[in-house]
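Descriptive structure summary
Here are the chains, one letter per residue:
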Amino acid sequence: MSWLGFWKGRVGKSMRNRFSRPLALEALESRCLLDAAAAAGDIEPRMITYDNPAFHLADPDQFTGVVALWITYQDYSESICTGVLLDDKKHILFAAQCATDLDGNNIVREVEVWIYHPDGLSIYRQVDPTRIAIHPDWQGIKADGSGVLSGADLAVLALPQRVTEPGVEGYPLYENTDEVGQEGYRVGFGAYGVGGNDTRISDPTRKIYGRNRYDAKAEDFNALLPGNPIPNDRMLLFDFDNGNQDNDAAGALLGVDDTGVDPITDEAFPCFLGDQGSPMLIESGGQLYVAGIFSFAISYDELTNDANGPDIDEVTNCTFGELGFDIRVSNYVQWINDMRGQGPPPPQPTYTSYLVAPGGPGVMTMSDGTLVAYDGADILAVVLDDQGQFQAVEVYFDGSDVGLDASAGETIQAFTIDNDGNLYLSLANKGLVDSIYGPLVVGLNDIIKFNPTKLGRTTQGTWEWFFDGSDVGLFGPEENIDGLAFLPSGDLVISTQGVATLPDGSGGVQIFDNADLLQFTPSTMGWGDTQGSWTLLQDGATLGLNGFQNNLNALWIDTSGTKYGFSVAGRYTYGGLNAQNEDLLLFRTTTNLVTALLNLTPLGFAPHDIQGMHVLPGNVIPTGDLTRRLLLAGPIAATDANSSAAFPWALLASHTAEEEPQTPEVETPPLLRQISKPLPQENAGMASSFESFQPDLNRHIRDQVFEHLEEEILPTIPENPAVEEIAELLSV
């Protein structure tokens with residue numbers, strides 16, 4: 001026997017559990033055991049329906065307050081759960097097991113709340129784990145699974161801001177205690193399937209719904225359990241019916257004569273790993289109320305060792321004849337409201353730093369008049385707050401300080417950073433840098449390592465050789481490295497400018513497209529002594545890249561190895577997502593989904609392709625320059641005087657009000673919330689307008705900034721070398 005359905009797994013890890021022997025009925029704890037070490041295969045998240053799940057796929061305007069929770073844990077593993085937006089539109093109610101370890105400890109690093117609505121998909125990101133309130137009676141699932149019997153599997157997440165998208169519903173709590181016998185809607189994300197078989201299709205972007213009925217209070221189940229372990233009034237019981245008396249689990253267990261909702265084709269049943277936290281919505285007076293939060297499921301047959309029980313296949317796999325248990329919301333109304341009204345204190349501002357190699361020269365004027373000049377040998381830090389708004393831009397790495405001459409073509413073609421903060425760079429052309437061992441002549445197929453002692457506008461450190469591409473088959477401009485990252489294993493991942501022909505380890509060759517991600521497993525590294533093997537890590541086609549129209553230009557892999565950040569050359573259209581060469585995108589290996597990560601258009605990167613990227617851990621301010629100032633306050637948005645399209649006039653923020661265009665502002669949506677849909681019309685217009693006016697805008701910015709520098713800054717700081725260098729750059 002086994003009791004499945006309450007194991008909080010991690011997406012992409014093997015979760016099928018096997019049991020070597022029947023367990024004694026007397027030992028409930030043993031009955032709950034889940035042996036992860038015996039894993040073989042995957043148990044997928046699922047919402048199971050009586051018939052074809054296509055008939056149960058929610059429309060964009062249905063159940064908009066039922067949300068998908070993408071949870072990243074402290075060890076960077078992930079899981080998917082379901083939650084429900086409450087009627088204040090500021091809090092999500094879900095299952096505590098989704099946020100905790102086996103002993104009930106909050107182990108969340110961040111949560112992305114995916115809200116599907118008629119206008120597309122919005123994502124709210126909470127990076128403060130203290131904003132998750134876990135019910136105090138929840139002590140975790142426990143290693144033996146017995147913790148779910150507490151009936152306290154409940155958590156409340158405070159969103160960083162109120163949900164304001166039109167058409168998104170928030171649901172009030174069901175406070176009456178007449179749930180037994182009532183029908184409601186079961187709604188959840190994850191894989192889907194039919195109750196008559198064990199075939200499941202994984203797609204966590206689909207919202208599946210159906211109906212079910214509460215058959216009893218969960219404590220009525222205690223007759224089968226020694227010691228009456230389920231407290232009164234904390235959980236509600238339902239089953240998965242197919243219209244046949246022989247498969248009526250609640251009837252076999254409790255004598256409740258109920259073979260399903262009418263019509264039976266509407267019957268649905270949530271299941272483990274994905275539908276944890278999914279709500280049961282009961283309708284009253286035309287309003288949907290949250291009556292229950294799904295916690296776990298069980299097969300009556302496995303529980304009782306009854307081969308003739310109602311479960312059609314006698315194992316817990318979410319087929320007809322199984323039992324489900326919801327947390328009874330009416331019992332927790334006071335606690336939920338307390339968490340909504342009081343809850344944890346508001347968090348301090350949090351930041352995420354996106355490092356980018358801009359690929360070409362430019363100057364930005366910050367809102368305090370500070371100038372940020374850069375060229376193709378620099379790396380910039382773009383800092384966003386937890387609302388997705390730009391806060392600052394600063395030089396992270398100044399290549400000219402340490403021997404890179406952008407005017408001679410020694411520009412960054414790709415870069416990455418290791419866990420110790422060391423930088424690894426590949427150049428667009430041959431270059432020369434000084435190391436402690438003497439000059440290093442770097443080819444465009446090589447990687448050099450920079451060990452920083454100081455970062456920012458004044459960069460200091462030492463160079464050393466890291467990877468000699470010619471040793472392992474990389475030659476010429478076609479095999480120039482234009483994407484660079486590390487896997488958690490330490491293996492190197494690259495992409496090449498063109499088609500790569502590399503040794504296969506057996507005397508032959510293997511050919512890779514210029515959009516493919518190639519994994520290099522080294523045996524030795526260094527100049528003249530780089531050895532190892534090549535394999536294909538990811539086909540570029542799965543990222544929506546064809547290698548001709550939109551080659552990969554920048555690459556980042558997170559510490560879990562499951563998220564790939566990238567940027568492309570040219571326009572990118574894939575799965576309803578439209579992006580340009582200055583946008584950062586995100587690919588998840590767990591779902592093969594590509595979503596938008598960051599739109600850099602408002603900062604004026606459009607003339608250049610982003611040549612490299614890296615994302616620093618949350619709330620890490622990367623340099624002393626940034627610690628001293630976080631400059632931009634609020635979204636960057638304005639309107640061109642000659643066009644109704646949004647236009648990035650914020651680049652001129654250092655000028656006086658009389659000098660700036662007197663035009664009304666247009667609100668730009670938070671950058672981390674417009675995901676997985678065509679760009680909003682105002683953004684699309686901005687892109688078109690930006691392209692049309694870009695040459696004039698560049699000249700206008702340069703002239704205005706140079707005039708400001710020459711007339712106001714140079715006279716006050718006459719011998720400042722940095723200012724003189726910027727003036728020289730602007731005058732070119």
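One can find the structure itself at the top, above this paragraph.
Now for a description of the structure that goes with this document.

So, about the sheet that holds strand 16 (residues 279–284). Strand order in the open sheet formed by seven strands is 12-9-16-17-18-14-13, and the pairing between neighbours is antiparallel. At either margin of the open sheet sits one strand with a lone partner, and together these are strand 12 (207–213) and strand 13 (216–217). Relative to strand 18 (residues 322–328), strand 14 (residues 235–239) runs antiparallel, the two sharing five bridges. Note on strand 18: the bridge partner recorded for Asp239 is Leu323.

Throughout the structure, instances matching the rule amount to 17 salt bridges. As a salt-bridge pair, Glu78 and Arg588 come within 3.2 Å of each other at their nearest N and O atoms. Here Glu78 is found in strand 3 (residues 78–85), whereas its partner Arg588 is found in strand 40 (residues 583–588), with 510 residues between them in sequence. Grouping residues by exposure puts Glu78 and Arg588 together as buried. Of the charged contacts, one joins Asp88 and Arg340 as a salt bridge, the two residues approaching to 3.8 Å between their closest N and O atoms. Remark: Arg340 occurs in helix 4 (residues 333–341) and Asp88 occurs in the loop between strand 3 and strand 4 (91–94); sequence separation between them is 252 residues. Each member of the pair Asp88 and Arg340 is classed as buried.

Our next topic: the sheet that holds strand 37 (residues 563–568). Taken together, the four strands give an open sheet; going across it, the order is 36-37-40-41, and neighbouring strands pair in antiparallel fashion. Each edge of the open sheet carries a strand with a single partner, namely strand 36 (552–557) and strand 41 (593–599). Direction aside, the axes of adjacent strands within the sheet are offset by 30 degrees on average. Alignment of strand 36 against strand 37, held across five bridges, turns out to be antiparallel. Paired with Ile557 across the bridge in strand 37 is Tyr564.

In this section: the state of the cysteines. A covalent bond bridging the sulfur atoms of two cysteines is what the word disulfide describes. Throughout the structure, instances matching the rule amount to one disulfide. A sulfur-sulfur separation of 2.1 Å characterises the disulfide bridge that pairs Cys81 with Cys98. Looking down the S-S bond of the Cys81 and Cys98 bridge, the torsion is -100 degrees, so its handedness is left-handed. Here Cys81, found in strand 3, pairs with Cys98, found in the loop between strand 4 and strand 5 (108–117); they are 17 residues apart in sequence, far enough to count as distant. Neither Cys81 nor Cys98 differs from the other in exposure class; each is buried.

Turning our attention to the side chain of Asp491. Within the element layout of this structure, Asp491 appears in the loop between strand 30 (481–486) and strand 31 (492–496). For the buried Asp491, no salt bridge exists, and the shortest N-O distance to an oppositely charged side chain is 15 Å, to Lys449. Those residues within four positions of Asp491 in sequence are excluded, and the remaining contacts are Ala485, Phe486, Gln519, Phe520, Thr521 and Pro522.

A regular strand places its side chains so that they alternate between the two faces of the sheet. Taken together, the five bridges between strand 26 (residues 431–435) and strand 27 (residues 438–442) define a ladder with antiparallel strand orientation. Within strand 27, the position partnered with Gly431 by the bridge is Val442. Hairpin connection, strand 26 to strand 27: the antiparallel pair is bridged by two residues.

For the rest of this paragraph, the subject is the packing of aromatic side chains. Using the criterion set out here, one finds 24 aromatic pairs in the structure. With a centroid separation of 5.3 Å and 55 degrees between ring planes, the pair formed by Phe63 and Tyr185 is classed as tilted. With Phe63 in the loop between strand 1 (46–49) and strand 2 (66–73) and Tyr185 in strand 9 (residues 183–189), this pair connects stretches of sequence that are 122 residues apart. Overall, the relative accessible area of 7% leaves Phe63 in the buried class. Centroid distance Phe221 to Phe325: 5.1 Å. Interplanar angle 70 degrees. Geometry classified as edge-to-face. Residue Phe221 is located in the loop between strand 13 and strand 14, and its partner Phe325 is located in strand 18; the two are separated by 104 residues in the primary sequence. Residue Phe221 shares its accessibility class with Phe325, and that shared class is buried. Members of the aromatic cluster, connected to one another through ring pairs, are Tyr214, Phe238, Phe240, Phe269, Phe294 and Phe320. The cationic tip of Arg109 hangs over the ring face of Tyr76; the distance from NZ or CZ to the ring centre is 4.0 Å. Of note, Arg186 hangs over the ring of Phe238, and the distance from its end group to the ring centre comes to 4.4 Å.

So, how was this worked out
- Residues numbered from 1 in each chain as written.
- Predicted model: local features only at pLDDT ≥ 70, side-chain atom pairs only at ≥ 80, totals over all residues.
- Heavy atoms only, no water.
- Pairing = 2+ DSSP bridges.
- Helix = DSSP H or I, 4+ residues; strand = E, 2+ residues; numbered from the N terminus.
- Salt bridge = Lys/Arg side-chain N within 4 Å of Asp/Glu carboxyl O.
- Buried < 20%, exposed > 50% of the residue type's maximum accessible area, 1.4 Å probe, protein only.
- Axes fitted to C-alpha atoms, helices over the stretch in contact; angles between N-to-C directions.
- Disulfide = S-S within 2.5 Å.
- Lys, Arg positive; Asp, Glu negative; His and termini not counted.
- Contact = heavy atoms within 4.5 Å.
- Phe/Tyr/Trp six-rings, centres within 6.5 Å; stacked < 30°, edge-to-face > 60°.
- Lys NZ or Arg CZ within 6 Å of the ring centre and 35° of its normal.

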